[in-house]
Amino acid sequence: MKKAILGKTGLNVNKTGFGALPIQRVDFDEADKILKKAFEGGIDFYDTARFYSDSEEKLGRSLSHVRDSIVIASKSMAKTPEDLERELDTSLKMLKTDHIDIYQLHDARICYRPGDGTGLCEALEKFKKAGKIRHIGITTHRMSVAREAIESGFYETLQYPFNYLASADDIDVYERCVKADMGFICMKAMSGGLVSSAKAAYAFLDQYNGLVPIWGIQRESELDEFLKYSHENVTLTDDLKELIEKDKKELSGNFCRGCGYCMSSCPAGIKIDDCARMSLMIRRAPSQRLLSAENREMMKRIEDCIHCGACSAKCPYGLDTPKLLEENYKDYMNIVSTGKIEPLK
Ligand code: SF4
Ligand code: SF4
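Residues numbered from 1 in each chain as written. Chains lettered and ligands numbered in written order. Predicted model: local features only at pLDDT ≥ 70, side-chain atom pairs only at ≥ 80, totals over all residues. Heavy atoms only, no water.

Let's talk about helix 2 (residues 55-63)
Put simply, the rule is: Only protein chains enter the accessibility calculation, which uses a 1.4 Å probe. A residue is then buried if its area is under 20% of the maximum for its type, exposed if over 50%, and partly exposed in between. Secondary structure elements are taken from DSSP: a helix is a run of H or I of four residues or more, a strand is a run of E of two residues or more, and numbering for both begins at the N terminus.
Within helix 2, seven of the nine residues are buried, leaving the element largely enclosed by the surrounding structure. Among the residues of helix 2, Ser 55, Glu 56, Lys 58, Leu 59, Gly 60, Ser 62 and Leu 63 are the ones counted as buried.

The structure is reproduced here in structure tokens:
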């Protein structure tokens, strides 16, 4: 397995990281099987968050016996030093550890800096001094925040969406990060499941040094696939390059990445992460399941949208989510009534 050094943290980890968001969706026994297999397969970097319900607890239960052999990154969305400390203490308890290797401000909408009056950076420094955390990081979906975080000189790692759909500006963020000797933790390596080839995704990211993708793993089969790539020398062949170009053409522009950050705000209970990208999913996966009665019911909920705008306000990609939902609904109902799936314009 290839190794990567995460910038000035000096942490030298295997280049295949484990994103522990999806293990929320499986029970403790299944999570235990996956996490132990991941460790035995050579994965030594695990990224979780206080926000990911029982993900930290699952990691703590399954991997605390090998704590000294793994690197753990966690994160908090707290907005006050008091809440941040409370969340950190809960994370330590759940993870069954006395320290977190990389502690990150989660989904930052602004770049917090020492002396900005929030007290968050000072609190992070205090935790570091006390040995509760070893390194300070930030995660954001916003390019402007990522750039500011790099320029601030305060953070040791940046977690940012990066995959083969990356724009020239995204690549510039990665390059600035490396230049600033910060570790680059790469989220959304499969763009929320929309890119069509895990192999191409893996080969694309494997080209970049100082970067560790955290593959979101929920099933044993997904883990097996990434472990296989990590032990082979997967390179970008012409076939994979062609596939990437095809995906880039189909997925350019404003599309929902399925991050789910807007969902808790929806008073109508719309499953926005699935509904707002139905048109793409139905053209990129076997459509039968997506046309089931259950899915029709799910899509019908879009009719209950009251256009309150709470989802757009939360969307880190600045999407006009209600409009996107409307367009997806119209397209879906058209497919249901005609049985035809036309190419998207
Ligand atoms: S605009 Fe519609 S989809 Fe968005 S949060 Fe409000 S009700 Fe939900
Ligand atoms: S609309 Fe935005 S916040 Fe909501 S799931 Fe899609 S990308 Fe995420």
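Read on for the rest.
A word on the site of ligand 2
Our working rule: A cutoff of 4 Å decides nearness: a residue is near a molecule or strand if any of its heavy atoms lies inside that distance of it. For this classification, Asp, Glu, Lys and Arg are treated as charged, while Ala, Val, Leu, Ile, Met, Phe, Trp, Tyr, Cys and Pro are nonpolar and the rest, including Gly, are polar.
Neighbouring residues of ligand 2: Cys 256, Arg 257, Gly 258, Cys 259, Gly 260, Cys 262, Cys 315, Pro 316, Tyr 317, Leu 319 and Thr 321. Of the residues that constitute the shell around ligand 2, the class distribution is seven nonpolar, three polar and one charged.

Topic: the packing of helix 1 (residues 28-40) against helix 8 (residues 220-231)
We count it as follows: Fitted lines through C-alpha atoms serve as axes, helices being fitted only where they are in contact, and the angles separating the N-to-C directions of these axes extend from 0 to 180 degrees. In what follows, roughly perpendicular refers to angles from 65 to 115 degrees, roughly parallel to angles under 35, roughly antiparallel to angles over 145, and oblique to any angle outside these ranges. Contacts were defined at the residue level, with two residues in contact if any of their heavy atoms lie within 4.5 Å.
For the pair helix 1 and helix 8, interaxial distance at closest approach is 10 Å and the crossing angle is 10°. One element, helix 1, and the other, helix 8, form an angle in the roughly parallel class. In this structure, helix 1 uses Lys 33, Ile 34, Lys 37 and Ala 38 to contact helix 8, whose residues at the interface are Glu 220, Leu 223, Asp 224 and Leu 227. Its residues placed into classes, the contact of helix 1 with helix 8 shows four nonpolar, no polar and four charged.

Regarding the site of ligand 1
Every residue close to ligand 1 is listed here: Cys 266, Pro 267, Ile 270, Cys 305, Ile 306, His 307, Cys 308, Gly 309, Ala 310, Cys 311, Pro 322 and Leu 325. Among the secondary structure elements, those contributing two or more residues to the shell around ligand 1 are helix 14 (310-314) and helix 15 (321-338). Of the residues in the shell around ligand 1, the class split is 10 nonpolar, two polar and no charged.

A closer look at the sheet that holds strand 7 (residues 133-139)
Quick reminder of the rule: A pair of strands is considered paired only if DSSP assigns at least 2 bridges between the two.
Strand order in the closed barrel made by the eight strands is 3-4-5-6-7-8-9-10, with parallel pairing throughout. The sheet shows a mean angle of 25° between the axes of neighbouring strands, taken without regard to direction. As judged from the four bridges shared by strand 5 (residues 71-76) and strand 6 (residues 100-105), these two strands associate in the parallel manner. What sits directly across from Ser 76, in strand 6, is Leu 105. Contacts from helix 5 (residues 143-152) reach strand 7 and strand 8 (157-161), with the element oriented near 165° to strand 8. Sheet contacts for helix 7 (residues 198-206): strand 9 (183-187) and strand 10 (211-216); angle to strand 10, the most-contacted strand, approximately 160°.

Quick word on the packing of aromatic side chains
To describe a pair of aromatic rings, one takes the distance between the centres and the angle between the planes. Threshold: Stacked, edge-to-face and tilted are the three classes for Phe, Tyr and Trp ring pairs, Trp counted by its six-membered ring, which pair at centre distances within 6.5 Å; planes under 30 degrees apart are stacked, over 60 edge-to-face, the rest tilted. A ring is scored as having a charge over it whenever the NZ atom of a lysine or the CZ atom of an arginine sits within 6 Å of its centre and within 35 degrees of its normal.
Under the criterion given, the structure shown has 14 aromatic pairs. Seen from their ring centres, Phe 154 and Tyr 155 are 5.0 Å apart, and the 90° between their planes marks the pair as edge-to-face. A residue is classified by how much of its surface remains accessible, and Phe 154, at 12% relative accessible area, is buried. Here Tyr 155 falls in the buried class, since its relative accessible area comes to 0%. Looking at Lys 58, its charged tip hangs above the ring of Phe 28, at a distance of 5.0 Å from the centre.

So, helix 8
Our working rule: Every helix has an expected span of 1.5 Å times one less than the residues it contains. As used here, the arc belongs to the directions running from the helix axis to the C-beta atoms.
Look at helix 8: 16 Å from first C-alpha to last across 12 residues, which is about the 16 Å you get at 1.5 Å a residue. Burial in helix 8 covers these residues: Leu 223, Phe 226, Leu 227, Tyr 229 and Ser 230. The arc that holds every buried residue of helix 8, seen down its axis, measures 160°, which confines them to one face. Buried residues belonging to helix 8 abut helix 1, helix 7 and strand 10.

Section: the packing of helix 13 (residues 293-300) against helix 15
Note the following rule: Note on convention: the crossing is left-handed when the near helix lies turned anticlockwise from the far helix by less than a right angle, right-handed when the turn is clockwise.
Where helix 13 meets helix 15, the closest approach of the two axes is 10 Å, and the angle between their N-to-C directions is 145°. The interaxial crossing formed by helix 13 with helix 15 has left-handed handedness. Residue-level inspection shows Asn 295, Arg 296, Met 299 and Lys 300 of helix 13 in contact with helix 15, the latter providing Asn 328, Tyr 329, Tyr 332 and Val 336. Considered class by class, the residues forming the contact of helix 13 with helix 15 number four nonpolar, two polar and two charged.

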